[in-house]
Amino acid sequence: SLDPSTLTVFVTGATSGCGEAIARRFAGAGAKVIGTGRRRERLEKLKAELGEALHVAELDVRDYAAIEKLLAELPAPFAGVNVVVANAGLALGLGPADTVGIDDWHTMIDTNVTGLVNTVRASLPGMIARGRGHVFGVGSVAGDYPYPGGNTYAGTKAFVKQFLLATRSDMLGKNVRVTNIEPGMTETEFSLVRFKGDEGRASNVYANTRALKAEDVAETIFWCATLPEHVNINRLQVMPIDQAFSATTVHRG
Ligand code: NDP
Ligand code: 8X3
């Protein structure tokens, strides 16, 4: 399998949850990691923990020019990015499509869709020029299974899946792998963000069950990234053992 110490990993959304665990997993295995996100204090804390292996930069994935600038100005030890984890994303609200705030929908589309395509588009030319790369998106089971209140969030994750599959076909012959990781329920700050800081409502999502941990998602990405170079995992759906598929919703009476 591939030697992780040869990897330089650019992670978006490394200030929390899955992204933070991904930064830790790769850095712990000897890779160079570029950890990004909007919250500077979180980045500094991670830098204090991971040291030399980590380069941090404040980044909002909605800003394409900022991603290009970041990649163009990376310090030498981090310049040869060969793994990109477009992980930054969020859900806002769980209300029905006719009443939820349009601003929340726009923020999800700007982050999960525009932020993803920004990250991928800015990273591909460098990896192709260096003759090697691997792009990860973090989709979701919500991209396959609709649920009440999922509306725009689910739509963005369906976009992640199809965009990455199509991008994968563009990468034929370029030695760049493309993988969509599709987790189910994962205990992170995801629900705290979705419910806008309501800690009770957020913790209820994970109460009395064994959700995936951010480390589990990080491990699946690490596994895909360190498989022999000729192996491409296209999509990987991962759920906690305590989660399955809901029945079709029925309205009666
Ligand atoms: P967290 O809320 O813990 O982490 C989300 C991360 O995204 C944070 O680091 C946040 O950083 C970053 N982020 C949000 N908006 C932006 C932005 N505009 N620019 C840059 N970074 C941004 O949630 P998770 O770790 O769970 O989420 C990671 C990914 O996993 C998301 O794409 C999510 O949709 C997906 N996912 C989560 C599941 C779950 O159940 N938790 C299941 C399936 C998929 P900051 O605020 O500092 O910018
Ligand atoms: C996050 C999982 O089921 O809340 O993508 O949409 S879910």
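Located above this text is the structure these notes cover.
Figured I'd write up the structure that's included with this text.

Calculation criteria
Residues numbered from 1 in each chain as written. Chains lettered and ligands numbered in written order. Predicted model: local features only at pLDDT ≥ 70, side-chain atom pairs only at ≥ 80, totals over all residues. Heavy atoms only, no water. Helix = DSSP H or I, 4+ residues; strand = E, 2+ residues; numbered from the N terminus. Rg over C-alpha atoms; globule rule 2.2 N^0.38 Å. Buried < 20%, exposed > 50% of the residue type's maximum accessible area, 1.4 Å probe, protein only. Contact = heavy atoms within 4.5 Å. Pairing = 2+ DSSP bridges. Right-handed = clockwise from strand over helix to strand, strands pointing away. Salt bridge = Lys/Arg side-chain N within 4 Å of Asp/Glu carboxyl O.

**Quick look at the overall build of the protein chain**
Next, step 1: The number of helices and strands found in the protein chain is eight helices and nine strands.
Next, step 2: The C-alpha radius of gyration of the protein chain comes to 18 Å, within 12% of the 18 Å expected for a compact globule of 253 residues.
Next, step 3: Overall size of the protein chain, expressed as C-alpha extent along the three principal axes, is 65 × 40 × 35 Å.
Next, step 4: For the protein chain, the residues scored as buried account for 47% of the 253 residues in total.
Next, step 5: Within the protein chain, contacts between residues separated by at least 24 positions form 71% of all contacts whose residues are at least 6 apart in sequence.

**Focus on the pairing of strand 3 (residues 54-58)**
Next, step 1: Looking at chain direction, strand 2 (residues 32-37) and strand 3 are connected through five bridges and run parallel. Bridge assignment links glycine 35 to a residue of strand 3, and that residue is valine 56.
Next, step 2: In this region the chain leaves strand 2, passes through helix 2 (residues 40-50) and returns to the parallel neighbour strand 3; the handedness of that crossover is right-handed.

**A word on the pattern of salt bridges**
Next, step 1: Under the defined criterion, the tally for this structure stands at 15 salt bridges.
Next, step 2: For arginine 235, the salt bridge goes to glutamate 182, with nearest N and O atoms at 2.7 Å. Here arginine 235 is found in strand 9 (residues 235-238), whereas its partner glutamate 182 is found in strand 6 (residues 176-183), with 53 residues between them in sequence.
Next, step 3: With a relative accessible area of 35%, arginine 235 lands in the partly exposed category.
Next, step 4: Classification of glutamate 182 by relative accessible area gives buried; the value is 2%.
Next, step 5: Overlapping salt bridges, with partners in common, bring together Asp144, Lys161, Glu182 and Arg235 in one network.

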